[in-house]
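# A look at the structure
These are the residues of each chain, in order.
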Amino acid sequence: MSILKIKDVSKIFASGQVRAVDNFSLDVADGELVCLLGPSGSGKSTLLRMVGGFERPTSGLMTIDGEDITHVPPEKRPTGMVFQSHALWTHMNVFKNLAFGLKLRKVAPDEIKRRVEAVLDLVGLNGYGTRHVAKLSGGQQQRVALARSLVLEPKILLLDEPFASLDQHLRERLREEVRDIQQRLKITTLFVTHGQDEALSMADRIVVMRDGRTEQIDRPEVIYREPQTPFVAGFIGTMNLIEGNVANGIFSKAGYSTPLPVGDGPAIMAIRPEALDLAIAGEGSQGKVHRVTDYGTHGLVDLELNDATRIKAMVPHPDLFKAGQSVTLTPKAIAAYRDGVVIHRA
Amino acid sequence: MTIADAGQPVLAAPERRRPIGLLLVAVPVLLVIWLIIWPIISAIIQTLWMRLPEGGETFSLETYRFFFSDGYSLSNLSITLWTTGVCAILLLVVCLPIALYLRFSDSKVAAYVQGLAIFPMFVPSIILSFAFIRVLGPNGTVDLLLNAMSLPKIRSPYLTPWGPVIGLVWDNIPLTVLILLSGLGNVSNQAIEAARDVGAGRFALLWHIILPRISNSILVAISFAVLGIFSAFTLPYVLGPAAPEMMGPFMQRTFRELYEPRTAITQAVITFGFCIVFGLFYVRSVAKNRTP
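Being a predicted model, the structure only gives us computed values, none of them experimental. (Residues numbered from 1 in each chain as written. Chains lettered and ligands numbered in written order. Predicted model: local features only at pLDDT ≥ 70, side-chain atom pairs only at ≥ 80, totals over all residues. Heavy atoms only, no water.)

### Section: the overall build of chain B
Of regular secondary structure, chain B possesses 13 helices and two strands. Since a compact globule built from 292 residues should have a radius of gyration of about 19 Å, the 25 Å found for chain B marks it as more spread out than a globular shape. For chain B, the C-alpha atoms occupy an extent of roughly 90 × 70 × 35 Å along the three principal directions. Sorting the 292 residues of chain B into buried and exposed places 37% on the buried side. Taking the intrachain contacts of chain B between residues at least 6 apart in sequence as the baseline, contacts between residues at least 24 apart amount to 69%. Of the roughly 17,400 Å² of accessible surface on chain B, a fraction of 70% belongs to carbon and sulfur atoms. Of note, chain B has its 19 positive side-chain charges centred 8 Å away from the centre of its 14 negative side-chain charges. (Helix = DSSP H or I, 4+ residues; strand = E, 2+ residues; numbered from the N terminus. Rg over C-alpha atoms; globule rule 2.2 N^0.38 Å. Buried < 20%, exposed > 50% of the residue type's maximum accessible area, 1.4 Å probe, protein only. Contact = heavy atoms within 4.5 Å. Areas by Shrake-Rupley, 256 points an atom, 1.4 Å probe, with all protein chains shown as cover. Lys, Arg positive; Asp, Glu negative; His and termini not counted. Charge placed at Lys NZ, Arg CZ, Asp CG, Glu CD.)

So this is what it looks like as structure tokens:
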């Protein structure tokens, strides 16, 4: 059963100039974690705020379990939101932060205590009830914010870039914990992020957004391996996008050429760095090594084509390459785009 | 060693700056001691040490005993406390909704409302008193309008205890609104949205989230208002009743008309005693805010 349905939702801000979300539709299945991914200004946060009830859609329909919630105020929606800045109430301790929503629902004190303790246990903050929230670390504050939403057992959990203010290590640890909790509770979740790593590692499906519209909705591995548009190809992971021309089944660009079985005309060739084999060239060089970066587990070689176009190749042994060396390029997997759509994949 | 030599001037710089900082604050601190602290101490001493007719001085609480046994003095103190209390309540009732509106409204009207709320700050008390008399006084604008509509006259608040209350509330609106607004600025939109998200309606939001978060600002605003109102002079003098009168006019009359400087100073010390309680509230609130 699809628990959250968003149908043809648009949001035009009062000035009438900005169409933040444009005819957006999405079905989120029961227990699914969907990531809204896109650059700043792509409309992902506005969309999440509309689901949470903090923004009113200009048009469209939103339902949860078949019930129209399009114009229901946030305090009456079966949703729980975790904000980027935690938004904890600093005049309350951890227990009171969590108990506030339950008190408003007139839950019995014993039941409040039981539920708060259970959810604190779930987020790994057992015994922190009496702590003042301002004295907790960033990670602990984010867990309290998550617990505050979970304690109310919402039908839909909304996460608005919840790890944005945390450092890299903490972010990685928390996203695993959040994913574990989400899967354990089987709670339907909509997660906004502009971090591809977060989206790729956590989501059941990713919605890539651009200018308020959907570019692609798919499973993370499909988004990564089979991007449908040059925008998605360039936005997810590192991708070499080479603009060139196809003539008689050969794609060429500044001395570099490779077979591409599509009709003649301009095309954008997309090659992942890990799908590009390099060999030191004697003759017939297609590019020069500009810089080699050794990451320990692998290396990244920055190459310059003959017209100074820069591309990257991932190599297992970076010590074999040096700046200034001539190389030949052999792509193992490519995609080609024309007019914004994929025309070839191999 | 080179490293130690290189490090020395860096460490020495703040040390050299310290006396300059102290010197900078020394002048205002000395002025406060000279113009405020010393007159307070001097006034207290003057009320406690009585000159004997035969020469010499003796410790005496006579002036305080007189103040707290004199019915007229006590009724003046009582009307001052009443006026201050009523003004503080009315200021909160009037200013909190204005500040809430200004904080949370996106409308263009909010800018004009803010301008209007701050306007009394630019009107001198004496002009305000004149305007009050012309509008609410006997045969003022309100009376004329009621008369034109063949309606009976209202009972004018002019020269009643409500006269100073209206004037003082008007006079204190700008500062109170500004302090509350600054406090509300610390309540983030996300904290409000998080409360709405867990189910808080408007009243719960105000009571459980906004008011506790701005309690310090309320305390500061009320302390400032009370300090000003308790010792107010112009508005109670012009708009208030002749008797009982607020402590400001009472002190002035005791000093200028009754030629009893020692009694006037006693009244001032007692007024100061009440004000210092609110002053301490303010100081405590500031100290609490600055505590890391």
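### With respect to the sheet that holds strand E11 (residues 240–247) of chain A
Residue and element names in this part refer to chain A. Taken in spatial order, the six strands make up an open sheet running E13-E12-E11-E14-E20-E21, and their pairing is antiparallel. Edge strands, defined here as strands with exactly one partner in the open sheet, are strand E13 (256–259) and strand E21 (341–345). For this sheet the average axis-to-axis angle between neighbouring strands, irrespective of direction, equals 35°. (Pairing = 2+ DSSP bridges. Axes fitted to C-alpha atoms, helices over the stretch in contact; angles between N-to-C directions.)

### Some words on the sheet that holds strand E9 (residues 205–210) of chain A
All names here are of chain A. Ordered in space as E6-E7-E8-E3-E9-E10, the six strands form an open sheet in which the pairing is mixed. At either end of the open sheet lies a strand with only one pairing partner, and these are strand E6 (79–82) and strand E10 (213–218). Going from strand to strand, the sheet's axes swing by 20° on average, the running direction of each strand aside.

### Considerations on the interface of chain A and chain B
Contacts between chain A and chain B engage 24 residues on the former and 15 residues on the latter. Of all residues in chain A, Glu75, Trp89 and His91 of chain A give up the largest surface area on contact with chain B, accounting jointly for 31% of the area buried on that side. The interface formed by chain A and chain B holds two salt bridges in total. For Glu75 of chain A, the salt bridge goes to Arg196 of chain B, with nearest N and O atoms at 3.3 Å. Our enumeration of links across chain A and chain B arrives at seven residue pairs in polar contact (both at pLDDT 80 or more). When its residues are assigned to classes, the side of chain A that touches chain B shows 12 nonpolar, eight polar and four charged. (Buried area = accessible area lost by both parts, 1.4 Å probe. Salt bridge = Lys/Arg side-chain N within 4 Å of Asp/Glu carboxyl O. Polar contact = N/O pair within 3.5 Å; in protein donor to acceptor, adjacent residues only side chain to side chain. Nonpolar A, V, L, I, M, F, W, Y, C, P; charged D, E, K, R; others polar.)

### Section: the domain arrangement of chain A
Residues and elements named next belong to chain A. When cut into domains, chain A gives domain 1 (2–228) and domain 2 (238–345). Between the C-alpha centres of domain 1 and domain 2 the distance comes to 39 Å. Each partner contributes to the interface: domain 1 provides six residues, whereas domain 2 provides eight residues. It is Tyr224, Pro227 and Gln228 in domain 1 that bury the most area against domain 2; as a group they hold 84% of the surface buried on that side. Taken together, domain 1 and domain 2 are joined by zero salt bridges. Summed over the shared surface of domain 1 and domain 2, the number is five residue pairs in polar contact (both at pLDDT 80 or more). Counted by class, the side of domain 1 that touches domain 2 contains three nonpolar, one polar and two charged residues. (Domains from an automatic or database assignment.)

### Things to note about the pattern of salt bridges
Summed over all chains, the structure comprises 26 salt bridges over all chains. The shortest N-O distance in the salt bridge between Arg173 of chain A and Glu177 of chain A comes to 3.9 Å. Taken together, the residues Arg173 of chain A and Glu177 of chain A, both in helix H5 (residues 168–185) and four residues apart, mark about one turn of the helix. Accessibility expressed as a relative area gives 45% for Arg173 of chain A, which makes it partly exposed. Sharing partners across several salt bridges, the network here consists of Lys11, Arg49 and Glu55 of chain A together with Glu193 of chain B.

### Here we look at the layout of surface pockets
Residues and elements named next belong to chain B. Considering only enclosed or pocket space, the largest pocket measures out at about 920 Å³ in volume. Along the walls of the largest pocket sit 23 residues, with Phe104, Ile192, Arg196, Arg202 and Leu205 positioned nearest its centre. Where the lining of the largest pocket is concerned, the elements lending two or more residues are helix H3 (71–104), helix H8 (189–197) and helix H9 (202–213). At five residues, H8 tops the list of elements feeding residues into the lining of the largest pocket. Residues of the lining of the largest pocket, tallied by class, amount to 10 nonpolar, four polar and nine charged. (1 Å grid on protein atoms, 1.4 Å probe; cavity = no way out; pocket = protein on both sides within 12 Å on 5 of 7 lines; lining within 4 Å. Points joined across faces, edges and corners; volume = space filled by probe spheres on them.)

### A short note on the packing of helix H4 (residues 138–150) of chain A against H5 of chain A
Residue and element names in this part refer to chain A. The geometry of H4 relative to H5 is characterised by a closest axis approach of 11 Å and an angle of 20° between their N-to-C directions. By the angle between their axes, H4 is roughly parallel relative to H5. The two elements H4 and H5 meet at a crossing, and its hand is right-handed. Contacts between H4 and H5 involve Gly138, Gly139, Gln142, Arg143, Leu146 and Leu150 from the former and Leu170, Arg173, Leu174, Glu177, Val178, Ile181 and Leu185 from the latter. Looking at the contact of H4 with H5 residue by residue, the class counts come to seven nonpolar, three polar and three charged. (Parallel < 35°, antiparallel > 145°, perpendicular 65-115°, else oblique. Left-handed = near helix turned anticlockwise from the far one by under 90°.)

### So, the packing of H3 of chain B against helix H12 (residues 247–256) of chain B
Residues and elements named next belong to chain B. Orientation of H3 relative to H12, taken along the N-to-C sense of each, is 145°, at an axis distance of 9 Å. Touching Tyr72, Ser73, Asn76, Leu77 and Thr80 of H3 are Met247, Phe250 and Arg253, all from H12. Along the lines of polarity and charge, the residues of the contact of H3 with H12 split into four nonpolar, three polar and one charged.

### Side note on the packing of aromatic side chains
When we look at a pair of aromatic rings, we describe it by the centre distance and by the angle of the planes. All names here are of chain A. Enumeration according to the criterion identifies 12 aromatic pairs over all chains in this entry. When the ring centre of Trp89 is taken as reference, the NZ or CZ atom of Arg148 above it lies at 4.3 Å. The residue whose ring lies beneath Arg272 is Tyr224, and the NZ or CZ to ring-centre distance is 3.9 Å. (Phe/Tyr/Trp six-rings, centres within 6.5 Å; stacked < 30°, edge-to-face > 60°. Lys NZ or Arg CZ within 6 Å of the ring centre and 35° of its normal.)

### Section: the environment of Gln196 of chain A
Residues and elements named next belong to chain A. Tracing the backbone through its elements, the reader meets Gln196 in helix H6 (residues 196–202). Note: C-alpha distance between Gln196 and Pro220 (24 residues apart in sequence) is 9.6 Å. In this structure Gln196 touches Leu37, Phe235, Ile236 and Gly237, once residues within four positions along its chain are discounted. From its side chain, Gln196 meets the backbone oxygen of Phe235 in a polar contact 2.7 Å long.

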